[in-house]
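Structural features, examined
For reference, the chains in residue letters:
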Amino acid sequence: MRTVLSTIPELENSPDKARAVLPNFTFDQMMAMFRADLVRPTHRFLVAVDADGRLVGHSMIFRKQTPEGETFGYFFTRFVLPEHRRRGLGSRLMAEAMAWFAEDEPAFLLAHTHATNTPLQRLFAAHGFQVVARSEEPWPHLTLRREWGPAAAQSP
């Protein structure tokens, strides 16, 4: 929940505003969704913990298919607590995600991020992602994509 509130400025860090836009934005509903996803072989939850075992970052990634049956990797959410940023955790979570995706050789990888989240945009760009679309609804966000497999081998 903290991820959503801190990465979407339009929500003004307000759970009430988040619930108005995202009907499933309650702790219990989000926990139920995540618990159901934990057992799916197509979903992976990566976590970073500090020396005391406290959760300080996460990345939730999925293997999905296009309507045509093409497999792709999707970065659902990622977050590192502000006091733990700029220590390489985002890059380590990204490396783990890429290794997991490589096992299945997806056609491409996809992610979305708020248009103002330049640190995350830089992280994805450093790993070969490019902005492929921009949208203003329900708030300004970007679609980031990285080719994988045969399409990536053919690009310059």
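Residues numbered from 1 in each chain as written. Predicted model: local features only at pLDDT ≥ 70, side-chain atom pairs only at ≥ 80, totals over all residues. Heavy atoms only, no water.

A closer look at a nonpolar patch on the surface
Going by this rule: To count toward a patch, a residue needs a relative accessible area over 30% and no salt bridge; like charges are then connected within 9 Å, while nonpolar side chains (Val, Leu, Ile, Met, Phe, Trp, Tyr) are connected within 5 Å. Here the open area of atoms and residues is found with the Shrake-Rupley method and a 1.4 Å probe, where only the protein chains shown may cover a residue. By convention in these notes, a salt bridge is any Lys or Arg side-chain nitrogen within 4 Å of a carboxyl oxygen on Asp or Glu. Where helices and strands are cited, they refer to DSSP runs of H or I of at least four residues and of E of at least two residues respectively, numbered from the N terminus.
A cluster of nonpolar residues, V47, V49 and L55, forms a patch on the protein surface that exposes about 280 Å² of accessible area. Among the secondary structure elements, L55 is positioned in strand β2 (residues 55–65).

Brief notes about the sheet that holds β2
Just so we agree on the cut-off: Any two strands are treated as partners once DSSP identifies two or more bridges connecting them. Axis angles are defined between N-to-C directions and span 0 to 180 degrees, where every axis is a line fitted to C-alpha atoms and, for a helix, only to the segment in contact.
If you trace the 6 strands from one edge of the open sheet to the other, you get β1-β2-β3-β4-β6-β5, paired in mixed fashion. Looking along the sheet, the strands with just one partner apiece sit at the ends: β1 (43–49) and β5 (130–135). Strand-to-strand twist across the sheet, computed as the mean angle between neighbouring axes with direction ignored, equals 20°. Here 7 bridges tie strand β4 (residues 108–114) to strand β6 (residues 141–147), and the two strands are oriented antiparallel to one another.

Digging into the pattern of salt bridges
Where we set the bar: Each residue's exposure class comes from its accessible area (1.4 Å probe, protein chains only) as a fraction of the maximum for that residue type: buried when under 20%, exposed when over 50%, partly exposed otherwise.
Throughout the structure, instances matching the rule amount to 5 salt bridges. Its salt-bridge partner being R54, residue D52 comes within 3.2 Å of it at the nearest N-O pair. Across the salt bridge formed by R145 and E147, the nearest N and O atoms sit 2.6 Å from each other. A relative accessible area of 27% places R145 in the partly exposed class. One salt-bridge network, in which partners are shared between bridges, spans D50, D52 and R54.

Details of the packing of aromatic side chains
What counts, and what does not: Two rings from Phe, Tyr or Trp (for Trp, the six-membered ring) form a pair when their centres sit within 6.5 Å of each other. Planes less than 30 degrees apart are called stacked, planes more than 60 degrees apart edge-to-face, and all others tilted. We call a charge positioned above a ring when the Lys NZ or Arg CZ atom is no farther than 6 Å from the ring centre and deviates by at most 35 degrees from the ring normal.
A complete count under the given rule lists 7 aromatic pairs for this structure. Pairwise contacts between aromatic rings join F75, W100, F101, F124 and F129 into one cluster. We note K64 situated over the ring of Y74; from NZ or CZ to the ring centre the distance is 4.8 Å.

Observations regarding helix α5 (residues 118–126)
Rules: Read the arc as the range of directions from the helix axis to the C-beta atoms. The contact rule is simple, with two residues in contact once any of their heavy atoms fall within 4.5 Å. Whenever two N or O atoms come within 3.5 Å, that pair is a polar contact, provided that in protein one can donate a hydrogen and the other can accept it, and provided that, for residues adjacent in sequence, both atoms are side-chain atoms.
The complete set of buried residues in α5 reads L120, Q121, L123 and F124. The arc enclosing the buried residues of α5, seen along the axis, measures out at 160°, which places them on a common side. Turned more than 90 degrees from where α5 packs its buried face, R122 and A126 sit exposed. Against the buried residues of α5 lie β3 (71–80), α4 (89–102), β4 and β6. The opening residue of α5, the one whose side-chain oxygen lies 3.2 Å from the backbone nitrogen of L120, is N117.

Notes on the side chain of H141
The residue H141 is located in strand β6 in this model. Taking relative accessible area as the criterion, H141 reaches 17% and is therefore assigned buried. Polar contacts involving the side chain of H141 include one to the main-chain carbonyl oxygen of W139, which spans 2.9 Å. Residues in contact with H141, not counting those within four places in the same chain, are H112, T113, H114, A115, A133, R134 and S135.

Quick look at unusual backbone geometry
Between E137 and the following residue, P138, the backbone shows a cis peptide bond with an omega angle of 0°. Secondary-structure assignment places P138 in the loop between β5 and β6. For R86, which is not glycine, the phi dihedral falls at a positive 65°. Of note, the phi angle at E105 is positive, near 45°, even though the residue is not glycine. Inspection of the secondary structure assignment puts E105 in the loop between α4 and β4. Of the residues examined, E105 reaches a relative accessible area of 62% and is grouped as exposed.

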